[in-house]
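# Reading the structure
Here is how the chains run, residue by residue.
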Amino acid sequence: MAKPRILIVGGVAGGASCAARARRLSEAAEIIIFDRGQFVSFANCGLPYYVGSVIADEKKLLVANSDLFKQRFNIEVRLQHEVTAIDRAAQTLTVKNLQTGELKQEPYDALVLSPGATPIRPPLPGIERPGIFALRTIPDSRRIREWIDTHQVKRAVVVGGGFIGLEMAENLVHRGIAVTLIEKLPQVMPPFDPEMMTPVHAHLRDQGLQLCLNDGVQGFTVGSDDNLLVQTDSGEQHPADMVILAIGVRPENTLAKEAGLELGDRGGIRVNAAMQTSDPHIWAVGDAVEVQDFVTKEWTLIPLAGPANRQGRIAAETILGRDSQFRGVQGTSVCGIFGMTVACTGASEKTLRRVGMGYRKVYLHPGHHAGYFPGAQPIDIKLLYAPADGRILGAQAVGREGTEKRVDVLAMAIQAGMTVFDLEEAELCYAPQFGAAKDPVNMAGMIAGNALRGDAPIVYWENLDLAQVTLVDVREESEFERGHVAGAINVPLSQLRQRMGDLPGDRPLWIYCQVGQRGYYATRTLRQSGFQAYNLTGGFKTYEASTGA
């Protein structure tokens with residue numbers, strides 16, 4: 001196509017990125033973005049912080065406007081224009097001007113669908129009552145702010161404990177509002193494994209949140225004071241001046257479905273690695289598409305801004321003749337929760353079990369920088385890897401400073417197909433205020449590498465059977481007295497060599513300390529002395545997280 005006409009439906013991350021990249025590759029192309037909203041490119045990830053007045057100026061949310069697209073890129077943006085139909089045979093769109101009602105046919109050489117996703121609003125009784133909101137757009141955030149100010153909101157219920165739910169809870173608390181968070185699952189942040197969320201649950205409660213887990217919403221009524229009542233499966237009724245629905249999104253697939261494009265099992269638009277749909281003249285990007293999981297190879301939905309931007313770029317390149325391919329998604333993500341940071345990448349243990357992929361795991365709890373430097377804070381890390389070759393499958397981390405930095409490193413390691421042995425040798429930045437000579441990433445690799453080599457085999461708390469093994473706590477006596485696992489015997493590491501005669505030589509010894517390091521030292525000592533010793537990865541801290549003790 002010497003002078004292609006590229007029409008893009010939807011802006012924000014995927015569509016706007018596609019348009020800008022297409023212009024950088026072709027000055028000849030005619031590029032038009034249609035969006036039914038009032039804004040072509042805005043930071044929807046910043047909306048909770050605008051509601052919370054952390055971002056005070058709404059204009060800061062605007063990544064680019066129509067004038068910038070025209071002046072900088074010679075891209076035409078038509079806002080408040082809704083694409084209502086695709087005629088694939090004629091290669092035309094039917095576009096409705098929402099201000100005038102006028103319908104117009106627009107021909108295309110290449111069409112890019114970036115319609116995004118819509119918040120899920122289940123058909124619950126009372127869900128259309130005033131004061132019940134979802135947050136997806138700038139107008140949504142305006143309505144929420146106006147309701148808070150007009151109704152002098154003191155109590156709010158947030159339904160859903162995912163990214164948006166937690167960010168909204170934090171920002172409502174920031175505005176002095178008491179928050180109840182209701183989550184149907186037994187944990188917040190469903191992409192994480194449950195034991196990794198135990199400290200997060202405690203942290204949320206410490207911040208004053210009323211956290212209601214394992215309880216779904218049945219409906220909404222009005223109480224005697226005319227405020228909302230949120231009714232749950234358990235029979236509880238939670239009073240609220242407003243409700244935020246943050247129970248997820250579903251792909252906006254109406255246009256694609258009506259045009260006969262192939263959809264995936266999860267309702268997203270099915271695309272190939274070039275972001276091309278089942279029609280060779282139509283591409284699709286962003287939250288509306290199903291993509292392949294980089295680790296499990298499953299088709300999935302990952303509504304994240306990073307993948308959407310990359311998909312937009314790849315669609316533009318393939319439209320204009322380049323051989324570009326999307327590698328898939330890892331779900332690399334991070335969330336700030338009242339000063340705490342949670343981050344993950346790749347597959348969770350839940351996912352690996354569901355798809356039947358073999359895996360091993362290690363837990364560790366290192367400081368985010370050198371312990372002798374003031375202010376060191378622990379990071380709880382879980383690393384998942386393949387048992388055959390140590391290939392990294394996933395990682396999760398919970399902490400404060402430096403948490404997302406470690407997950408970013410592990411995300412790149414997954415993309416590069418690296419193993420735990422590569423992590424052992426990774427050369428990372430070190431100064432005492434930033435890290436340690438053995439970075440937490442190195443430590444994760446070393447623990448897993450030692451296990452795979454057989455130097456210090458690891459075992460897991462969920463497999464503990466005291467009828468089959470002897471459980472040995474190698475912490476000091478004072479630590480043991482403050483709390484220990486029932487059935488354990490206490491042989492402090494400092495006394496281990498002198499007290500080996502107290503240990504049975506005819507059955508496995510499962511060793512634990514507080515976080516795993518002393519357990520490793522004890523395991524090595526015992527194995528070299530002829531004992532069948534195994535280290536309980538993550539130590540007593542992981543036991544407490546796993547059991548909720």
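What this report covers is the structure whose coordinates are included nearby. Nothing here was measured: the structure is a model prediction, and the numbers come from that model.

## Some words on the overall build of the protein
- Within the protein, the secondary structure is distributed over 15 helices and 33 strands.
- Computed over the C-alpha atoms, the radius of gyration of the protein is 27 Å, within 12% of the 24 Å expected from 2.2 N^0.38 for a compact globule of 549 residues.
- Overall, the protein is about 90 × 65 × 40 Å in size when its C-alpha atoms are taken along their principal axes.
- Split into buried and exposed, the 549 residues of the protein put 53% on the buried side.
- In the structure as shown, the protein presents an accessible area of about 24,000 Å², 48% of it carried by carbon and sulfur atoms.
- Each charge class in the protein was averaged separately, 55 positive and 61 negative side chains, and the resulting centres sit 3 Å apart.

## Examining helix 10 (residues 403–415)
- For helix 10, built from 13 residues, the straight-helix expectation of 18 Å at 1.5 Å per residue is met to within 8% by its first-to-last C-alpha distance of 19 Å.
- Of the positions making up helix 10, those classed as buried are Thr-403, Arg-406, Val-407, Leu-410, Ala-411, Ala-413 and Ile-414. Along helix 10, the residues classed as buried sweep out an arc of 160° about the axis, all on the same side.
- Among the residues trailing helix 10, Gly-417 stands out with phi positive, at a value near 70°.

## Considering the nonpolar core
- Counting residues in hydrophobic clusters, the biggest one holds 49 residues, and the most contacted among them are Ile-6, Phe-69, Ile-86, Leu-93, Leu-111, Leu-113 and Met-275.
- Per-element tally for this core: the top contributor is helix 1 (residues 14–25), with five residues.

## Structural notes on the sheet that holds strand 6 (residues 81–87)
- Spatial ordering of the open sheet is given by 6-7-8, a layout of three strands whose pairing is antiparallel. Either end of the sheet is taken by a strand with one partner, and the two such strands are strand 6 and strand 8 (103–107). Between one strand and the next, the sheet's axes are offset by a mean angle of 30°, whatever the strand orientation.
- Sheet analysis places strand 6 next to strand 7 (residues 92–97), joined by six bridges and oriented antiparallel. Bridge pairing links Ile-86 to Leu-93 in strand 7.

## Observations regarding the packing of aromatic side chains
- Overall, the coordinates contain seven aromatic pairs when judged by the stated rule.
- Ring centres of Phe-133 and Trp-147 lie 5.7 Å apart, and the angle between their planes is 70°; on these two criteria the pair is classed as edge-to-face. Placement of Phe-133 in strand 11 (residues 132–134) and of Trp-147 in helix 4 (residues 138–151) is noted, with a sequence separation of 14 residues between them. Neither Phe-133 nor Trp-147 differs from the other in exposure class; each is buried.

## Comments concerning the environment of Gln-514
- Mapping Gln-514 onto the fold places it in the loop between strand 32 (509–512) and helix 14 (517–527).
- Assessed through its relative accessible area of 26%, Gln-514 is described here as partly exposed.
- It is 68 Å that separates the C-alpha atoms of Gln-514 and Gln-105, two residues lying 409 residues apart in sequence.
- Residues contacting Gln-514, with those up to four places away along its chain left out, are Arg-475, Glu-479, Gly-538, Gly-539, Phe-540 and Lys-541.

## With respect to the packing of helix 1 against helix 8 (residues 305–319)
- For the pair helix 1 and helix 8, interaxial distance at closest approach is 7 Å and the crossing angle is 35°. Relative to helix 8, helix 1 is oriented so that their crossing is right-handed. For the pair formed by helix 1 and helix 8, the contact residues are Gly-14, Ser-17, Cys-18, Arg-21, Ala-22, Arg-24 and Leu-25 on the first element and Ala-308, Asn-309, Gly-312, Arg-313, Ala-315, Ala-316 and Glu-317 on the second.

## Concerning the sheet that holds strand 20 (residues 269–270)
- A sheet is described by the order of its strands in space; here three strands give the open sequence 20-22-23, paired in mixed fashion. The open sheet has two edge strands with one neighbour each: strand 20 and strand 23 (299–300).
- For strand 20 and strand 22 (residues 289–292), the ladder comprises two bridges, and the chain directions are parallel. Directly across from Ile-269, in strand 22, lies its bridge partner Val-289.

## Looking at the side chain of Thr-403
- Mapped onto the secondary structure, Thr-403 falls in helix 10.
- Taking relative accessible area as the criterion, Thr-403 reaches 0% and is therefore assigned buried.
- Of note is the side chain of Thr-403, whose polar atom sits 3.5 Å from the backbone nitrogen of Gly-399.
- Here Thr-403 is in contact with Thr-341, Ile-379, Ala-397 and Val-398, once residues within four sequence places are set aside.

## Regarding unusual backbone geometry
- Here Val-12, not a glycine, exhibits a phi torsion of approximately 50°, which is positive.
- The backbone of Asn-74 shows a phi angle near 55°, a positive value even though the residue is not glycine.
- Inspection of the secondary structure assignment puts Asn-74 in the loop between helix 3 (66–73) and strand 5 (76–79).
- A residue is classified by how much of its surface remains accessible, and Asn-74, at 41% relative accessible area, is partly exposed.

## What to know about a nonpolar patch on the surface
- Residues Tyr-372, Phe-373 and Tyr-430 make up a contiguous nonpolar surface patch of about 350 Å² in total accessible area.
- Here Phe-373 is to be found in the loop between strand 26 (360–364) and strand 27 (380–385).

## Brief notes about the environment of His-484
- Its place among the elements puts His-484 in the loop between helix 13 (477–482) and strand 31 (489–490).
- Each residue touching His-484, except ones within four places of it in the same chain, is listed here: Asp-473, Arg-475, Tyr-512 and Phe-540.
- A distance of 2.9 Å separates a polar atom in the side chain of His-484 from the backbone oxygen of Phe-480.

## Description of the side chain of Glu-167
- Among the secondary structure elements, Glu-167 is positioned in helix 5 (residues 163–174).
- Buried charged residue Glu-167 carries no salt bridge. Nearest counter-charge: Arg-136, at 10 Å.
- Sequence-distant contacts of Glu-167, defined by excluding residues within four places in its chain, comprise Cys-45, Pro-48, Tyr-49 and Cys-335.

## Remarks on the pattern of salt bridges
- Applying the stated criterion across every chain, the model contains 30 salt bridges.
- Among the ionic pairs, Glu-106 bridges to Lys-104, the shortest N-O distance being 3.8 Å.
- Overall, the relative accessible area of 3% leaves Glu-106 in the buried class.
- Linked through salt bridges whose partners overlap, the residues forming this network are Asp-193, Glu-195, Glu-349, Arg-353, Lys-361, Lys-382 and Glu-462.

## A short note on the state of the cysteines
- Applying the stated criterion across every chain yields a total of zero disulfides.
- Cys-18 takes part in no disulfide bond, and the closest cysteine sulfur to it belongs to Cys-45, at a distance of 19 Å.
- A residue is classified by how much of its surface remains accessible, and Cys-18, at 1% relative accessible area, is buried.
- Cysteine Cys-335 remains unbridged, with the sulfur of Cys-344 as its closest cysteine sulfur at 10 Å.
- Judged by relative accessible area, Cys-335 falls into the buried class, the value being 1%.

Each value, and the rule that gives it
- Residues numbered from 1 in each chain as written.
- Predicted model: local features only at pLDDT ≥ 70, side-chain atom pairs only at ≥ 80, totals over all residues.
- Heavy atoms only, no water.
- Helix = DSSP H or I, 4+ residues; strand = E, 2+ residues; numbered from the N terminus.
- Rg over C-alpha atoms; globule rule 2.2 N^0.38 Å.
- Buried < 20%, exposed > 50% of the residue type's maximum accessible area, 1.4 Å probe, protein only.
- Areas by Shrake-Rupley, 256 points an atom, 1.4 Å probe, with all protein chains shown as cover.
- Lys, Arg positive; Asp, Glu negative; His and termini not counted.
- Charge placed at Lys NZ, Arg CZ, Asp CG, Glu CD.
- Expected span 1.5 Å × (residues − 1).
- Arc of directions from axis to C-beta.
- Core = buried A, V, L, I, M, F, W, Y, C linked by side-chain atoms within 4.5 Å.
- Pairing = 2+ DSSP bridges.
- Axes fitted to C-alpha atoms, helices over the stretch in contact; angles between N-to-C directions.
- Phe/Tyr/Trp six-rings, centres within 6.5 Å; stacked < 30°, edge-to-face > 60°.
- Contact = heavy atoms within 4.5 Å.
- Left-handed = near helix turned anticlockwise from the far one by under 90°.
- Polar contact = N/O pair within 3.5 Å; in protein donor to acceptor, adjacent residues only side chain to side chain.
- Patch = residues over 30% accessible without salt bridge, like charges linked within 9 Å, V, L, I, M, F, W, Y side chains within 5 Å.
- Salt bridge = Lys/Arg side-chain N within 4 Å of Asp/Glu carboxyl O.
- Disulfide = S-S within 2.5 Å.

From the geometry alone we can't say anything about function, so treat these as descriptive.
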